[in-house]
Each structure stands twice: as structure tokens, then as C-alpha cells.
Amino acid sequence: MSFDRRTRMEQMRNADRARERRNRVLAISLSVLVVVGLVGFGSYMVLDKSEASEKKPDVRAEDAKAPSADRQKPADGPIEGLKTWDAEKLTRNHVTTPVTYPMKPPVGGDHNPVWMNCDGEVYQKAIPDVNAVHSLEHGSVWVTYTDKASDADVAKLAKRVGRTPYSLMSPYKDQAGTIMLSAWGNQVTVDGADDPRVGRFFAAFVQGPQTPEPGAACTGGLGAR
């Protein structure tokens, strides 16, 4: 073998060894980067979970500081004293003549083609039964009260109605109870604004399963006169 050939072969072996060294260095560097990345991601997740767990007690503390009247009250449970009517027997014809209802306030029956606006409307004066019944058909809850209701109860109920779409409130002179809540085919007399049945009634019947026309409009009808 000539000297030139041995020299070239040695150079090729040296080049191969240099290439292997570079590949090893590159592989080690990539491994280090992967490990560092995994460690960094793990640290981030641990810190993130730690921060989340630290925030939860803060939320509970804020809830504990909130006034009892502002805390959400449970809306489950039976509604004691609830009166119901067979929805299939409550007629739904549109009429423009007066209607005599068998209950006060009415919970269904024939009614005027125009509904009372019921997007959290608080009326200071009595409203027509025939228009209010149309609002019940759309899934509203109607809060009514006599002059025997306390100013505090009226104010609390007005606040609830004002923040609840598909509800309305008005005075009602001839009803049996001081404060009554009505929905299509359903009605209850409550003891006051803080009666737990108020929240349960709203939860059950605002756009509830009794609604003949769910999703129908509660604006664009008859407003305060």
C-alpha cells in the first residue's frame, strides 16, 4: 500500500471519528435541553396548582364576608302550599273581550293578544289580568301583593324581579294572600320576601316546564300606563 493511500485512509478515519464526536455532543446537548424543558414545565405546573389552591380559600372568604341577604339561597326542595291547575284545561285563546277567571290572580286561560312586558318589570299600579296571563303563557313568574305587604318585603321582591328576565310584579287588590306568586297553572302564597319558597318558585317556574310558549318575547308588549 502506497504512502498516499495510507494517508488518505487515515484522514478518512480521523474525519469519521470527528463526525462521531460531533454527533455525540449534539445528542448530549439535545438530551440536556429536553431534561431542562421537562423540569421547567413540571415546575410551572406545580406553581400553577399551588396558586390555584391558594386562590380557593380567598373565594370562600369573600363569600363568607358577603351579607347574608346577598348569598345565593338554595332553590331546591318542595314548595309547600303550591296550588296547581291542569294545564290542558287552561284555555289559550286570544280574545279582545273581558275574561272572568276562576282564581285571583289568574294562572291561565284565554287572554289578550298583547302580553304585559315581563323582562324584570316592576309595575307600581295594577295591570290588566288578560295581558298578565299572556305573560305567564310565555313562561313568566308574576309577583303580586296587597296593601298589607310591608315596604321592606315589596322592596326586596322588586329587587329580585328587577334582575330576573321573564318576571313581573304589580299590586293586586282582591287576592287572598298578602304576597302571591303565579306561573302558568301554578300559584303559591308566601309569608314574605325572605320566605325560601320565593326562590324555589322562581327556580322552578321562570321559563319552567309548565311554559306553553317557551322563549316567546317578554318585551314589545304592553308597558306601564
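Residues numbered from 1 in each chain as written. Predicted model: local features only at pLDDT ≥ 70, side-chain atom pairs only at ≥ 80, totals over all residues. Heavy atoms only, no water.

J.: How should the nonpolar core be read in this particular structure?
T.: Generally speaking, soluble globular proteins have nonpolar side chains that are buried together. Counting 19 residues, the largest nonpolar core has V143, L181 and F201 as the members making the most contacts within it. At four residues, helix 4 (residues 196-205) tops the list of elements feeding residues into this core. Not counting residues within four places of it along the chain, the set of residues in contact with V143 comprises L157, V161, L168, M169, S170, M180, L181 and F202. Within the second largest apolar cluster, 18 residues are counted, among which are M103, I127, A132 and C218. (Core = buried A, V, L, I, M, F, W, Y, C linked by side-chain atoms within 4.5 Å. Buried < 20%, exposed > 50% of the residue type's maximum accessible area, 1.4 Å probe, protein only. Helix = DSSP H or I, 4+ residues; strand = E, 2+ residues; numbered from the N terminus. Contact = heavy atoms within 4.5 Å.)

J.: Which parts of the structure should I look at to understand the side chain of N186?
T.: In this structure, N186 sits in strand 6 (residues 186-190). We classify N186 as buried; its relative accessible area is 8%. A polar atom in the side chain of N186 sits 2.9 Å from the backbone oxygen of W184. Beyond its immediate sequence surroundings of up to four residues, N186 is in contact with L82, K83, T84, W85, V107, L181, F201, F205 and Q210. (Polar contact = N/O pair within 3.5 Å; in protein donor to acceptor, adjacent residues only side chain to side chain.)

J.: Explain the sheet that holds strand 4 (residues 167-171) to me, please; I cannot follow it from the model alone.
T.: Reading across from one edge, 1-6-5-3-4-2 is the order of the six strands in this open sheet, with mixed pairing throughout. Each having just a single partner strand, strand 1 (83-84) and strand 2 (119-122) make up the two edges of the open sheet. Bridge analysis of strand 1 against strand 6 gives two bridges, and the strand direction is antiparallel. Looking at strand 6, one finds that T84 is bridged to N186. Taken strand by strand, helix 2 (residues 129-137) contacts strand 3 (141-145), strand 4 and strand 5 (179-183), and its axis lies near 140° from that of strand 3. (Pairing = 2+ DSSP bridges. Axes fitted to C-alpha atoms, helices over the stretch in contact; angles between N-to-C directions.)

J.: Can you help me understand the packing of aromatic side chains in this one?
T.: Here a ring pair, both rings aromatic, is described through the centre-centre distance and the interplanar angle of the planes. Taken as a whole and judged by the stated rule, the model has two aromatic pairs. Centre to centre, the rings of W142 and Y172 are 5.8 Å apart; their planes meet at 75°, and the pair counts as edge-to-face. In this pair, W142 sits in strand 3 while Y172 sits in the loop between strand 4 and strand 5, placing the two residues 30 residues apart along the sequence. The residues W142 and Y172 share a single accessibility class, namely buried. Just above the ring of F202 sits the side chain of R160; from NZ or CZ to the centre is 5.4 Å. (Phe/Tyr/Trp six-rings, centres within 6.5 Å; stacked < 30°, edge-to-face > 60°. Lys NZ or Arg CZ within 6 Å of the ring centre and 35° of its normal.)

J.: For this particular structure, what's the right way to read the environment of A176?
T.: Along the chain, A176 turns up in the loop between strand 4 and strand 5. Taking C-alpha positions, A176 is 9.6 Å from M103, a pair spaced 73 residues apart along the chain.

J.: Even after reading the chapter, I still don't get the pattern of salt bridges, so can you show me in this structure?
T.: A pair can form between side chains of opposite charge whenever their charged atoms are brought close. For the structure shown, the criterion picks out five salt bridges. Here E137 and R92 are joined by a salt bridge, their closest N and O atoms 2.8 Å apart. With a gap of 45 residues between them, E137 in helix 2 and R92 in the loop between strand 1 and strand 2 connect regions that are remote in the sequence. Exposure remark for E137: the relative accessible area of 1% places this residue in the buried category. In this structure, D194 and K156 form a salt bridge, with 3.0 Å as the shortest nitrogen-oxygen distance. Of this pair, D194 sits in the loop between strand 6 and helix 4 while K156 is found in helix 3 (residues 151-162), placing the two residues 38 residues apart along the sequence. Residue D194 is classed as partly exposed on the basis of its relative accessible area, which comes to 45%. Where salt bridges share partners, they join R92, E137 and E213 into one cluster. (Salt bridge = Lys/Arg side-chain N within 4 Å of Asp/Glu carboxyl O.)

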